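Results of the structural survey
Here are the chains, one letter per residue:
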Amino acid sequence: MKYLAIALITFVIGYLVRRYIAESKIKNAEEQASKILKEAEKQGETKRKEVVLEAKEEVHKLRSELDKEVRDRRNEVQRIERRLIQREESLDKKVEVLEQREESITKRQKEIQKSHEEVQELYRKQVEELERLSGLSSEDAKQLLLNNIEKEIRHEAAIMIKEIECKAKEEGERKAREIIGSSIQKCSADHVAETTVSVVQLPNDEMKGRIIGREGRNIRTLETLTGIDLIIDDTPEAVILSGFDPIRREVARVALEKLIVDGRIHPARIEEMVEKAKKEVDNYIREQGEQATFDTGVHGLHPEIIRLLGRLKFRTSYGQNVLKHSVEVAHLAAAMAAELGADIKIAKRAGLLHDIGKAVDHEVEGPHVQIGADIAKKYKESGEIVHAIAAHHGDIEATTIEAVLVQAADAISAARPGARRETLESYIKRLEKIEEIANSFDGVEKSFAIQAGREVRIMVKPEDVSDSEIIYIAKDIVKKIEDELEYPGQIKVNVIRETRAIEYAK
């Protein structure tokens, strides 16, 4: 009980002490808060006064700047007004000057109009007097004057045209000589005429008997399979192969050389070797065609055209190898096209393919020109290429510069010394004979064999031969040439009748 009382007293005392302490702290806090509020109010008032003062200063500053700007604007407006007044005064003066000038111009126009009327009247009187004196009306006189002027102009124009034509012809011939000479120098060739027989060398003369075989069975088999004649004569250690088809002759040569190397010569072995030789020759033909396209830089050709190009390796024209001739024509045409600014690719491609028809002209009816054009068209060559092939012998008129260049390159290559086996004497005789046949007909004035004898142009007398008669003259000349001449390809007979009016100024 005693301890409980002590605890209770202790609790009461503690409670009173804590309450006293708490109240003291609350009182102190309230005093500090009041003090802080007073200081804050004091600082707020000071800050408010500072802000109000700054605002008043800013307003004063802005008002000063605005007053200055207003004064500047007012001065600028006054200056503009003065300028406008001055300009208005200047415009008034100019208007006054223009009005005075307009009055002067109006007065001048009236004077000019009056003078013009006087001139017209004077002109009318003069015309009437001239008509009375000349006995011609003004329209008649005008027509007469125009006719005289037209005659003078025509005369002068004819003289000028003649001079221009002469100069153009001289310049064209000079330029053509330069281009052709330059092209020939760039495309120099070393091949000459080739023969139409092949010679196979033998290791000894005993081989001749083995080639002939018992009762000639070996030589008959070889000739039957190849279509080539074997000439075995007294020529030491050599056999001559003769035949018109150069590919067959090449097959026979390759087969015979293989048989000679192998040593076993009998009909079965001959047949085997001929088959192998045919395959080798076919591969060689394709390789030669590909080599030609590589040498000329012509790409994108159909495989069949490449094979036909290779066949030209074994085709000759007057002894000139046609494939080498075609490559040479391609280079010549390209060189001339480069000089003239024409299409080099078309000229070169057409030059390479221009004689493609000769690869099959012994198998297909018709001239090689038409055959070649049909082949090119068949294998989707362009129209320019087909036209150049069809026109390279003048059978149709060349309408593109590339076709003309192929014609020229073909003539240059064929005319090159050593290219063809035909002698100069026989060539000249053939041309002279063509002209002689043409001149033998009545009404023919002159004849000219051109294009290496592929064409003859005949001038007839217009007073002796009519337009309808020249058709019969052309047919008669063609018939006589066919009967009396031997010639390669075809000859174009071109009969020309023209009437000329010639006068001389004295």
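Residues numbered from 1 in each chain as written. Predicted model: local features only at pLDDT ≥ 70, side-chain atom pairs only at ≥ 80, totals over all residues. Heavy atoms only, no water.

Section: the overall build of the chain
What counts is decided by this rule: Helix and strand assignments follow DSSP, with helices taken as H or I runs no shorter than four residues and strands as E runs no shorter than two, numbered in order from the N terminus. Classification of residues uses two cut-offs on accessible area relative to the type maximum, computed with a 1.4 Å probe and protein chains only: under 20% is buried, over 50% is exposed, and between them is partly exposed. In this analysis, two residues are considered to be in contact whenever any of their non-hydrogen atoms come within 4.5 Å of each other. Method for areas: the Shrake-Rupley scheme with a 1.4 Å probe, in which residue coverage is limited to the protein chains shown.
From N to C terminus, the chain includes 14 helices and 8 strands. Burial status across the chain gives 29% buried among its 506 residues. Considering only contacts within the chain whose residues lie at least 6 apart along the sequence, 62% involve residues at least 24 apart. As displayed, the chain has an accessible area near 35,000 Å², and 54% of this comes from carbon and sulfur atoms.

A word on the nonpolar core
Rules: To qualify as a nonpolar core, a set must consist of buried Ala, Val, Leu, Ile, Met, Phe, Trp, Tyr and Cys residues joined through side-chain atoms within 4.5 Å.
With 41 residues, the main nonpolar core has Leu-301, Ile-305, Leu-309, Leu-312, Leu-352, Leu-353 and Ile-375 as its most contacted residues. Put simply, the parts of the chain that give this core at least two residues each are α7 (303-311), α8 (322-340), α9 (344-353), α10 (368-378), α11 (383-391) and α12 (401-415). Looking at this core element by element, the count peaks at 9 residues for α8. Setting aside residues up to four positions removed in sequence, Leu-353 forms contacts with Leu-301, Ile-305, Leu-309, Glu-381, Ile-385 and Ile-389. If you look at the next biggest cluster of nonpolar residues, it comprises 26 residues, including Val-200, Ile-247, Val-254 and Val-281.

Comments concerning empty space enclosed by the protein
Quick reminder of the rule: We place a 1 Å grid over just the protein atoms. Points where a 1.4 Å probe fits but has no way out form a cavity, open points with protein on both sides within 12 Å along at least 5 of 7 lines form a pocket, and any residue with an atom within 4 Å of a point lines it. Grid points are joined across faces, edges and corners, and a volume is the space filled by probe spheres set on the points.
A complete count under the given rule lists 1 cavity of 30 Å³ or more for this structure. Its volume calculated, the largest cavity comes out at about 40 Å³. Every residue along the wall of the largest cavity is listed here: Ile-211, Asn-218, Ile-219, Leu-222, Leu-256, Leu-259, Ile-265 and Ile-270. Those elements that provide at least two residues to the lining of the largest cavity are α4 (217-226) and α5 (246-262). Ranked by residue count, the leading element in the lining of the largest cavity is α4, at 3 residues.

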